[in-house]
Structure formats: structure tokens, C-alpha cells
Amino acid sequence: AHAEVARLAAARAGEVEARSLAVLRTDAELASLTDDLRRAEAAGHRLAGERDQWEQLAAELEAAQQQAEAGRAAEMERQLAEREEALATATSAAARVEALEEEAEAA
């Protein structure tokens with residue numbers, strides 16, 4: 001009977017040791033997964049920061065494009081105004097020349 005009790009005790013000790021090793025392995029796996037999760041979260045934060053930077057750059061580019069377009073439009077308007085003024089001056093000069101020619105013919 002003592003031998004049977006000793007054998008059962010040894011078997012029980014072996015089971016306890018096996019369970020302890022399984023718990024240690026599980027703890028190590030959990031620690032590894034926790035580290036992986038922390039690294040993934042850090043990478044996610046970095047990516048979010050980079051995304052924010054890209055969005056800001058895109059907004060700045062859009063604003064610069066709009067300013068450039070507005071500048072081109074203002075330049076075109078200025079040139080058009082200059083041409084309209086030159087046309088008005090030329091038309092006025094042509095009318096004066098015509099009037100002078102009519103005066104010369106009448107005289």
C-alpha cells in the first residue's frame with residue numbers, strides 16, 4: 001500500500017510539474033503576445049502620425065494650387081484690362097484721326 005501511495009504521489013507530482021510547465025509556457029506566450037501588441041500599437045501610432053502629416057501636406061498642396069490658380073487668374077485679368085485700355089486708346093485715336101481728316105476735307 002505504501003508503494004502504491006508513493007507511486008500515486010509521484011504521479012501526482014509529475015502532473016503538478018507538467019501543469020506548472022504548461023502555465024509557464026502560457027505565461028511566456030502571453031508576455032510575447034503582449035510585446036507584439038505593444039509593438040503593433042506603437043506602429044499604429046506612428047502610422048497615424050504619418051497619415052496626419054500626409055493629410056496636412058495634401059491640404060497645403062491644395063492651398064498652394066488654389067493660390068497659384070488665383071494668381072494666374074489675377075494676371076490674366078490684369079492683361080485683359082491692359083488690352084481693353086489699349087483698344088480703347090486706339091479706338092479713341094482712330095476717331096480723332098477720322099475727325100481731323102473730316103475737318104481737313106471740309107477746310
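Scroll up a little and you will see the structure.
Residues numbered from 1 in each chain as written. Predicted model: local features only at pLDDT ≥ 70, side-chain atom pairs only at ≥ 80, totals over all residues. Heavy atoms only, no water.

Asks: Please explain the overall build of the chain as it appears in this structure.
Replies: For the chain, the count of helices and strands is one helix and zero strands. Its C-alpha radius of gyration of 46 Å places the chain more than 25% over the 13 Å reference for a compact globule of 107 residues. Once the C-alpha set of the chain is aligned to its principal axes, its extents read approximately 155 × 10 × 5 Å. In the chain, buried positions account for 0% of the 107 residues. Here the chain has roughly 9400 Å² of accessible surface; of this, 60% comes from carbon and sulfur atoms. Of the side chains in the chain, 12 bear a positive and 24 a negative charge, and the two mean positions are spaced by 21 Å. (Helix = DSSP H or I, 4+ residues; strand = E, 2+ residues; numbered from the N terminus. Rg over C-alpha atoms; globule rule 2.2 N^0.38 Å. Buried < 20%, exposed > 50% of the residue type's maximum accessible area, 1.4 Å probe, protein only. Areas by Shrake-Rupley, 256 points an atom, 1.4 Å probe, with all protein chains shown as cover. Lys, Arg positive; Asp, Glu negative; His and termini not counted. Charge placed at Lys NZ, Arg CZ, Asp CG, Glu CD.)

Asks: Honestly, the pattern of salt bridges in this entry has me stumped. Any pointers?
Replies: If charged atoms from side chains of opposite charge come close, those side chains can pair. Applying the stated criterion across every chain, the model contains eight salt bridges. One salt bridge connects R7 with E4, and the closest N-O pair in it is separated by 2.7 Å. Here R7 and its partner E4 are both found in helix α1 (residues 2-106), three residues apart, which amounts to about one turn of the helix. For E4, a relative accessible area of 38% puts it in the partly exposed group. Residues joined by salt bridges that share partners form a network here, namely R51, D52 and E55. (Salt bridge = Lys/Arg side-chain N within 4 Å of Asp/Glu carboxyl O.)

Asks: Teacher, can you tell me more about the environment of A48 here?
Replies: Mapped onto the fold, A48 is located in helix α1. Counting along the chain gives 11 residues from A48 to A59, while the straight-line C-alpha distance between them is 16 Å.

Without other data, these values stay purely geometric and don't point to any function.
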